[in-house]
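Now for the letters of each chain:
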Amino acid sequence: MPGAFGVDLRIAALNLAQHRRRSLLLGGALAAVTGLFVLLSALTAGVRDTMVRNSTALDCGHVNVGGFFKITSGQAAPLVTKYPAVLEVIRREVPELAYAVPRGRGFAKMIGPGGSVWSPVTSLDVTKEPGFRAAVRIESGSLDGMAKPDALLLFHTQAEKLGVKVGDTVTLSAPTAGGINNVIDLTVVAIAHDLGLMSAFSSFVSMPALTRMYRMTDDSTGVILVYLKDIGKAPAVIERLRAAFLKGGWKLMDPDPNPFFMKFDKVNREAWTGQKLDLTTWKDELTFMSWVFTALDAITLILVVVLLGIAVAGIMNVMWIAIRERTREIGTLRALGVQRRQILRMFMIESILLGFAGALAGGVAATLLAVVVTAVRIPVPLVVQLFLLSDHLILIVKPGTFLLAVLGITAVTGVAALYPALRAAKLKPVTAMGHAG
Amino acid sequence: MASIVSVRDLTKEYRLGNVIVPALKRVSLDFGVGEFLAVAGPSGSGKTTLLNMIGCVDTPTGGTVEVDGEQTTLLPERALTDLRLHKIGFIFQSFNLITVLTVFQNVELPLLLQRVGPAAERRRRVLDLLERVGIAPYADQRPNELSGGQRQRVAIARALVTGPKLVLADEPTANLDSVNGQMILDLMKHLNREKGTTFLFSTHDARVMANAEAIIRLADGAVVDRVSPAEAGIAPAR
Ligand SMILES: Nc1ncnc2c1ncn2[C@@H]1O[C@H](COP(=O)(O)OP(=O)(O)O)[C@@H](O)[C@H]1O
Ligand SMILES: [Mg+2]
């Protein structure tokens, strides 16, 4: 291209090359800002992803069809009665279904030789839950043991508190609606590595154990966890299921974005008796953890704003220096017949080239670092594990975030350069002349 | 003789704080195509200011400047820039080459700005001029690798590569020793004769004035007279 744009580009690129030290410094700073942004986002994305994946495997499904059964208005039990019919509706209405499984919900005092703890108790059929198998990391024993009717799975800290090992017996004492405590003995078949916050609040038993503990009928369960091929479809599926259940004659609770254990008080205060279903998404069940996301997002935002501020100041500063240094040269170009807008373009190209190169380098470096950090499984302290639900750092660089970071920083560079570049374009051609007199 | 520059009642005042410095006071002059003229006068007499006004790199306070038939005082900045690009060549006292570009690229620059193509055509014209000013062997070097005399030759090539009607040179030899200065003047004279390009250069050095066909003498921002070197009592250079 013989046009003037080629000249602008050439002069801009050559100027960058000429002032190598300055270019490297500013480009490096922009790379650092981009890299930090990418890493922070990768951390947030990693935490979010791990939390969601592990919590949805351990604690809830993508969509949860639970509910309460009340014999009298003040005695709510977290039950879904006649659940095979409910399952049938789900299978019929949800083509996005990966799998749906029933789980029992209970709350019991666990008593071992070393002590006792109160804990939610969940019953499940491990053979039907591939997600659960993937999320739980067994420390001793085996998940296969959960096939036994009196099996108990504990997390490391719980097992320690109770003073039990695999093969030991734990007594569960569960208060029931009638005011009586039902007591059963279970055998520890497996102990799992702690999985953060979640592990303090859950223990798992085989299906028949909970049925026996609460003297439930075979067609009752606590909740049906619905796993979808795409977790993003959860809200749409909920809407469809609500309509289907209403049409099928079920009574539904009003949507309430909270986990089931926070709903007892409210349900007990209501007058109705019998069965009502409660449909929630994984988000509803995990609201108590959403502050972690909010905090991470806030930290990222604050850091990004601060870093961008520094970057903008740096760019403007360097541009001012460049323009002051090149005043005579700009004047010369103007005298030779370079238009104002071409001067503007030249400086814009220069800063955008630098911004893009810096941001790209920073983004690529951060992505590589994220991959390496995740691969070498850097252990994280316990406090962090609580939220992370993982014992090592997981950084996920999403392509969208990468693009946003690189293009965003480039754009910011351009915007920061605009004012100095406009000033450069306003320089009079007479500045090319010496005023020696 | 057709007129290439026509200046009428040209006034330029600089403002220094509250003080107004009159640099040009109602200057009027004409010169024709193909002339080889010197603007002479002591330091501070307004030579640079006059050349800036004629070259359209600064705006006058009053009066008019006509270049090749165009009333420049009426033109917007964009049109003035185009006029500079297409009609005027500049040679600066401090050479003012673009430091990041090679000698070749510096001379090619005005052709690129004029969108002269193709590249081979530009190359031919650039090399031709570099040849004439005797700088062809340095085509791929950067300006800071050259001596002052060599740099000014590059600047001359840059000023002439587009074939402008008028070349303005503000004290083109002031930063050169007398030998190199004379070589530059000879080169300018040669190009003036060969191509018929009009040259207007300023100087306060009698040896430089000696090269001119005519000398426009300035004092205190006003034209004193227009004389030949002989009339000014200067022996013409060769
Ligand atoms: N930018 C300027 N600001 C203020 N005064 C100026 C400026 N340029 C030139 N002058 C003044 O205008 C007068 C003419 O200057 P100039 O044209 O540079 O003269 P010469 O080139 O003959 O030495 C001088 O008094 C000089 O001090
Ligand atoms: Mg001067």
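These numbers come from a predicted model, not from an experiment.

Q: Can you walk me through the sheet that holds strand E7 (residues 166–170) of chain B in this structure?
A: Strand-to-strand pairing in sheets goes through backbone hydrogen bonds, with the strands running parallel or antiparallel. Residues and elements named next belong to chain B. One open sheet accounts for six strands, arranged E6-E7-E8-E3-E9-E10; its pairing is mixed. The sheet terminates laterally at strand E6 (88–91) and strand E10 (222–227), the two strands that pair on one side only. Ignoring strand direction, the axes of neighbouring strands in this sheet form an average angle of 20°. The pairing of strand E3 (residues 36–40) with strand E9 (residues 214–219) spans four bridges and is classified as parallel. Along E9, the bridge assignment pairs Leu37 with Ala214.

Q: What's the story with the packing of helix H2 (residues 20–58) of chain A against helix H15 (residues 399–426) of chain A in this structure? I'm lost.
A: Two packed helices can be described by the angle between their axes and the distance between those axes. Residue and element names in this part refer to chain A. Between H2 and H15, the least distance of the axes is 10 Å, while the angle of their chain directions is 150°. As far as their axial angle goes, H15 and H2 are roughly antiparallel. When you trace H2 past H15, the crossing you get is right-handed. Touching Leu30, Val33, Thr34, Phe37, Val38 and Ser41 of H2 are Thr401, Leu404, Ala405, Val406, Ile409 and Thr413, all from H15.

Q: Would you explain the environment of Pro120(A) in this entry?
A: Along the chain, Pro120(A) falls in strand E4 (residues 115–124). Taking the C-alpha atoms as reference, Pro120(A) lies 52 Å from Gly358(A); in sequence the two are 238 residues apart.

Q: What am I meant to see in the confidence of the model for chain B here?
A: Caution is warranted with low-pLDDT regions, since their predicted coordinates should not be read in detail. The share of residues in chain B with pLDDT of 70 or more is 99%, and the mean pLDDT across the chain is 92. Scored as a complex, the prediction yields pTM 0.77 and ipTM 0.94.

Q: Explanation requested: the interface of chain A and chain B in the structure shown.
A: How big an interface is tends to be expressed through the accessible area that disappears when the partners come together. Listed as interface residues are 29 residues of chain A and, on the opposing side, 31 residues of chain B. Around 2900 Å² of area is buried between chain A and chain B when both sides are counted, 58% of it from carbon and sulfur atoms. Summed over the shared surface of chain A and chain B, the result is two salt bridges. The shortest N-O distance in the salt bridge between Lys428(A) and Asp58(B) comes to 3.8 Å. The tally of links between chain A and chain B comes to 10 residue pairs in polar contact (both at pLDDT 80 or more). Mapped onto the side of chain A that touches chain B, the elements with two or more residues apiece are helix H1 (4–18), helix H12 (327–336) and helix H13 (340–375) of chain A.

Q: I would appreciate a short explanation of the sheet that holds strand E5 (residues 70–71) of chain B in the present structure.
A: Residues and elements named next belong to chain B. Across the sheet, four strands lie side by side as E2-E1-E4-E5; this open sheet has antiparallel pairing. Every interior strand has two partners, whereas the edge strands, strand E2 (19–32) and E5, have only one. Of the pairings in the sheet, the one linking strand E4 (residues 62–67) to E5 comprises two bridges and is antiparallel in character. Counterpart to Val67 in the pairing with E5 is Glu70.

Q: Help me understand the packing of aromatic side chains, please; the structure alone is not making it clear to me.
A: When we look at a pair of aromatic rings, we describe it by the centre distance and by the angle of the planes. Under the counting rule described, the total for this entry stands at 12 aromatic pairs over all chains. Here the aromatic rings of Phe36(B) and Phe199(B) are separated by 5.5 Å at their centres, their planes lie at 55°, and the arrangement is tilted. Taken together, the residues Phe36(B) in strand E3 and Phe199(B) in strand E8 (residues 198–203) connect sequence positions 163 residues apart. No difference in accessibility class separates Phe36(B) from Phe199(B), as the two residues are buried. For the ring pair Phe90(B) and Phe92(B), a centre distance of 5.9 Å and an interplane angle of 15° mean the geometry is stacked. The ring of Trp272(A) has Lys70(A) sitting right over it, with the charged end atom 4.4 Å from the ring centre. Sitting over the face of the ring of Phe260(A), Arg105(A) holds its NZ or CZ atom 3.8 Å from the ring centroid.

Q: How should the nonpolar core be read in this particular structure?
A: Nonpolar side chains tend to gather and get buried jointly when the protein is soluble and globular. Judged by nonpolar contacts, the single largest core of 42 residues is most densely connected at Ile91(B), Leu130(B), Ile156(B), Met188(B), Phe199(B), Phe201(B) and Ile215(B). Broken down by secondary-structure element, the contributors of at least two residues to this core are E3, helix H3 (103–113), helix H4 (119–132), helix H5 (148–160), E7, helix H6 (178–195), E8 and helix H7 (206–209) of chain B. Top contributing element to this core by residue count: H5(B), with six residues. Setting aside chain neighbours within four positions, we find Ile215(B) in contact with Ala38(B), Ala40(B), Met209(B), Asp225(B), Arg226(B), Val227(B), Ser228(B), Pro229(B), Ala232(B) and Ile234(B). Met319(A), Val338(A), Ile343(A) and Leu354(A) belong to the second largest nonpolar core, which has 38 residues in total.

Q: Looking at this model, I keep getting lost on the packing of H13(A) against H15(A). Mind explaining?
A: All names here are of chain A. Interhelical geometry of H13 versus H15 gives an angle of 155° and a closest axis separation of 7 Å. On the basis of the axis angle, H13 is roughly antiparallel to H15. As H13 runs across H15, the sense of the crossing is right-handed. Looking at the contact of H13 with H15, its residues break down into 19 nonpolar, seven polar and two charged.

Q: Help me understand the pairing of E8(B), please; the structure alone is not making it clear to me.
A: All names here are of chain B. Within E8, six of the six residues are buried, leaving the element largely enclosed by the surrounding structure. Side chains Thr198, Leu200 and Ser202 of E8 all project onto a buried face; the interleaved residues Phe199, Phe201 and Thr203 project onto the opposite face, where all are buried too. As defined by bridge partners, E3 adjoins E8 across five bridges and the pair is classed as parallel. Paired with Val39 across the strands is Ser202, a residue of E8. Pairing geometry for E7 and E8, over five bridges, is parallel. Across the sheet, residue Val167 finds its bridge partner in E8, namely Phe199. In this region the chain leaves E7, passes through H6 and returns to the parallel neighbour E8; the handedness of that crossover is right-handed.

Q: Is there a simple way to explain the pairing of E4(A) in this structure?
A: Side chains on a regular strand alternate between the two faces of the sheet. Residue and element names in this part refer to chain A. As judged from the nine bridges shared by strand E3 (residues 97–112) and E4, these two strands associate in the antiparallel manner. Directly across from Gly112, in E4, lies its bridge partner Gly115. Here E3 folds back onto E4, and the loop between the two strands holds two residues. As paired strands, E4 and strand E9 (residues 203–206) are joined by four bridges and run parallel to one another. The residue bridging Val121 from the neighbouring strand is Ser203, located in E9.

Q: Explain the pattern of salt bridges to me, please; I cannot follow it from the model alone.
A: Opposite charge on two side chains allows them to pair when their charged atoms are near. Under the defined criterion, the tally for this structure stands at 30 salt bridges over all chains. Lys233(A) is the partner of Asp230(A) in a salt bridge, and the nearest nitrogen-oxygen pair spans 3.6 Å. On the basis of relative accessible area, Asp230(A) is assigned to the partly exposed category, the value being 36%. One continuous salt-bridge network, built from bridges that share partners, spans Asp68(B), Glu70(B), Lys87(B) and Lys165(B).

What counts and how
- Residues numbered from 1 in each chain as written.
- Chains lettered and ligands numbered in written order.
- Predicted model: local features only at pLDDT ≥ 70, side-chain atom pairs only at ≥ 80, totals over all residues.
- Heavy atoms only, no water.
- Pairing = 2+ DSSP bridges.
- Helix = DSSP H or I, 4+ residues; strand = E, 2+ residues; numbered from the N terminus.
- Axes fitted to C-alpha atoms, helices over the stretch in contact; angles between N-to-C directions.
- Parallel < 35°, antiparallel > 145°, perpendicular 65-115°, else oblique.
- Left-handed = near helix turned anticlockwise from the far one by under 90°.
- Contact = heavy atoms within 4.5 Å.
- pLDDT = per-residue confidence, 0-100.
- Buried area = accessible area lost by both parts, 1.4 Å probe.
- Salt bridge = Lys/Arg side-chain N within 4 Å of Asp/Glu carboxyl O.
- Polar contact = N/O pair within 3.5 Å; in protein donor to acceptor, adjacent residues only side chain to side chain.
- Phe/Tyr/Trp six-rings, centres within 6.5 Å; stacked < 30°, edge-to-face > 60°.
- Buried < 20%, exposed > 50% of the residue type's maximum accessible area, 1.4 Å probe, protein only.
- Lys NZ or Arg CZ within 6 Å of the ring centre and 35° of its normal.
- Core = buried A, V, L, I, M, F, W, Y, C linked by side-chain atoms within 4.5 Å.
- Nonpolar A, V, L, I, M, F, W, Y, C, P; charged D, E, K, R; others polar.
- Right-handed = clockwise from strand over helix to strand, strands pointing away.

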